[in-house]
Every structure is written in C-alpha cells, then in structure tokens.
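So you can see what is in the structure, the chains are spelled out below.
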Amino acid sequence: MEVHETAFVTSAFRAMHVLLSKDEFAHLWLNDRVQHWADTYLSTVTGEESAAHSMRNRYFLDSIHRLFKDGNIEYLINFGCGFSMYPYLLPHGLKHIEIDKPEVIRHKDQKTELWEDQGILPLRNIVRIPCDFSENYEKELIGKINDIKKNSPCFILLEGVLFFLTREEMLRLFQLFNTLQKQGDRIGSVSFRAKDTESKAFALLLDFMKKENPHGTEEARYQTVEEKFYKSLPGYELVDQQDFFSLSKSYQHQPSATQDMIINEQFYQLQKTRP
Ligand SMILES: C[S@@+](CC[C@H](N)C(=O)[O-])C[C@H]1O[C@@H](n2cnc3c(N)ncnc32)[C@H](O)[C@@H]1O
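What you are looking at is a predicted structure, and each value in this text was computed from that prediction instead of being measured. (Residues numbered from 1 in each chain as written. Predicted model: local features only at pLDDT ≥ 70, side-chain atom pairs only at ≥ 80, totals over all residues. Heavy atoms only, no water.)

**Description of the site of the ligand**
As a reminder, the rule being used: The nearness test applies per residue and asks whether one of its heavy atoms lies within 4 Å of the molecule or strand. Two N or O atoms count as a polar contact when they lie within 3.5 Å, although within protein this holds only if one can serve as hydrogen donor and the other as acceptor, and sequence-adjacent residues are included solely when both atoms are side-chain atoms. Each accessible area is a Shrake-Rupley result for a 1.4 Å probe, and residues are judged covered by the shown protein chains and nothing else. Residue polarity is assigned by list, with Asp, Glu, Lys and Arg as charged and Ala, Val, Leu, Ile, Met, Phe, Trp, Tyr, Cys and Pro as nonpolar; anything else, Gly included, falls into the polar class.
Not every one of the 22 residues close to the ligand is listed here, only the nearest: R14, R56, G80, D100 and E159. A distance of 3.0 Å is found between an oxygen atom of the ligand and a side-chain nitrogen or oxygen belonging to T10. Contacts to the ligand include E159, whose backbone N or O atom sits 2.7 Å from a nitrogen atom. With the chains in place, 97% of the 590 Å² that the ligand exposes on its own is no longer accessible. Each residue belonging to the shell around the ligand can be placed in one class, and the counts come to 9 nonpolar, 7 polar and 6 charged.

**Overview of the environment of Y86**
Heads up, the rule is: Numbering of helices and strands runs from the N terminus; a helix is a DSSP stretch of H or I covering at least four residues, while a strand is a stretch of E covering at least two. In what follows, a contact means two residues having at least one pair of non-hydrogen atoms within 4.5 Å.
Tracing the sequence through the fold places Y86 in helix α5 (residues 86-89). Considering only alpha carbons, one finds Y86 and Q223, 137 residues apart in sequence, at a separation of 25 Å. If sequence neighbours within four positions are ignored, Y86 has contacts with R56, N57, F60, L61, L76, N78, H96, L157 and E159.

**Some points on the side chain of S21**
By the element assignment, S21 lies in helix α2 (residues 18-21). Within the structure, the side chain of S21 is placed 3.1 Å from the backbone nitrogen of D23, a separation counted as a polar contact. Discounting chain neighbours no more than four positions away, the residues touching S21 are R14, S54, N57, R58 and L61.

**Observations regarding the packing of aromatic side chains**
Aromatic rings considered in pairs are described by the distance between their centres and by the relative angle of their planes. Applicable threshold: Aromatic pairs are defined between Phe, Tyr and Trp rings, using the six-membered ring for Trp, whenever the two ring centres lie within 6.5 Å; interplanar angles under 30 degrees are classed as stacked, those over 60 as edge-to-face, and all others as tilted. In this scheme, a residue with accessible area under 20% of its type's maximum is buried, one over 50% is exposed, and one in between is partly exposed, where area comes from a 1.4 Å probe on protein chains only.
A complete count under the given rule lists 24 aromatic pairs for this structure. Aromatic side chains F60 and F267 sit 6.5 Å apart centroid to centroid with 85° between the ring planes, which places their arrangement in the edge-to-face category. In this pair, F60 sits in helix α4 (residues 49-69) while F267 sits in strand β7 (residues 266-272), placing the two residues 207 residues apart along the sequence. Accessibility expressed as a relative area gives 0% for F60, which makes it buried. The class of F267 is buried, set by a relative accessible area of 2%. Here the aromatic rings of F79 and F133 are separated by 5.9 Å at their centres, their planes lie at 40°, and the arrangement is tilted. Here the residue F79 occupies a position in strand β1 (residues 75-79), and F133 occupies one in the loop between β3 (126-130) and α7 (138-149), the gap between them amounting to 54 residues. Take F79 and F133: they sit in the same class, and that class is buried. Among the aromatic residues, those joined into a ring-pair cluster are F79, F133, Y137, F174, F177, F229, Y230 and Y268.

Written out as structure tokens, the structure reads:
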C-alpha cells in the first residue's frame, strides 16, 4: 500500500460507522481492493481502528462546524486531505482549500466532479491544490492560498499526515501555517506521542505497514510528536487536546478491545495568539 492509498482505508473506516463519523459520503470511495485493505488492517492490527478514525473525523467535523456557526472561520484548509468529505458534510457557506499529493487530488477531482454532476454530492466552494510536502513548495503554495482566501479567517487541518512526514517537513509546514494565519485562526493536528507507540496494537500496525510496503520489507518510518511541541509553538496557544479515550466518552463509544490493543492517537487544536 502506497502512502496516498492509506487515505482510502481511513475513508473505509468512516463508512463502517456512519453514526459515529457522520461521514455519509465515505462509502463512495469503497471498492473491493479498499474493502480488502480495510478488513485486513482491522483483523491483523486491531478492530478498534475503524471507530477511532470515525471519532477523529467527528471531533474535527463538530469543532469546525461550531467555529463556522459562531462566525469564527470562513475557510477550511485541509493539508493531506485524502478522501475526507468535510466540504460536503459542512454548511454551504464555508469555503474549502484541499491539498494533497497530485495523484490524490487528480482522483478526488475526477470522482467528486462526476458525483456532483449526478447530484450525489451537494455543490460546494472547493479549490484543490496538488502539492508534495517533501518538495520545495512553500513560495508557490503561499501565493496560491493567499490569492484565494486573502485575509479571511481559517481553520487549518493536518489529520493523519504527520506520521508519514520527517521532522523537517513538519517544521516547514507549521512555519507555513504561521505565515498564512492571523490572530484567532486555528490549527487542528493529529499525531502520536512516543508513549502512544508502546502498545501491542502499535507494534502490529508497524508489522502491517512493513508487510504491505510495496518497496520491500524495510521498517516503516514514522514520526512521533510530543505535547511540548504544541505547547511551545511560537505564536500559538494549545486550546484543546483529546485522544481515543476522551472522544470515546464524548461520543459514547464503548471500546471492545483492551487498552493494549488500542492505538491512542492525540488530537490537538491550536489558536494563533499574534496578528
Ligand atoms: C492516512 S491519509 C489521511 C487522509 C485524510 N486526512 C483523512 O484523515 O482521512 C494520509 C494523507 O496524507 C497525504 N500525504 C502523506 N505524505 C504527503 C506529502 N509528502 N505531501 C502531501 N500529502 C501527503 C497522503 O497522500 C494521504 O492522503
């Protein structure tokens, strides 16, 4: 499975728990290959992952919806958007910029255009930009985004992406967010702390990735981020932090796995404190 193909799997997980994820369109991305990946992942890593990814989507969906309703944001900018369907799940007035690798953007544009024409998806204001965060992209991307959103308040989402990036690529992204955002704007971010990688389920995830790696059986490279990174990010304040367990309480999800068989991702929201 290539990195960009993991986006199909997270969509399949959301489709398995529509009541929890509230993603009523995730099923559109399903096909036999995607279903097979998702089922294999759940049976060899841990069955709790589909609910975990559904709650992750729900947490950001609810937060972004509230911020839009209260007039705090006009744009959602989704970095590494994959096949997430936030534009179609959120009210019409919110505008969207979605960024991902060229192959993801090409496929997403093609499919959503077709589904919009067929009336399967509602019409939304979305600009999609192909971009690889491992390349030298900053100047061009900042120009494109500023041309679109001007000074409008925005929520930047980085969901399920940091795991795949290097430390340097992550630091460059957060620098870019600082350039793009104004006081009061928010970032939503998802990552693992080193201690979240100590569970049995996380070891099984690494085994799974090694087996599914099309480039041979090299060890999966992954990144962890400690809370202190978010707490000390210049110009930002950490305003919310959740994890699998806190979201399970909020959304009345009763895990069926033991603690060791849960992959405990951390979910953060940061607010910019300076102009
Ligand atoms: C696990 S998927 C998550 C997708 C979506 N955010 C979600 O939560 O469903 C990871 C996404 O990050 C994107 N990604 C990973 N590395 C990237 C890079 N270097 N540049 C741009 N996108 C990248 C992948 O293409 C993929 O769509």
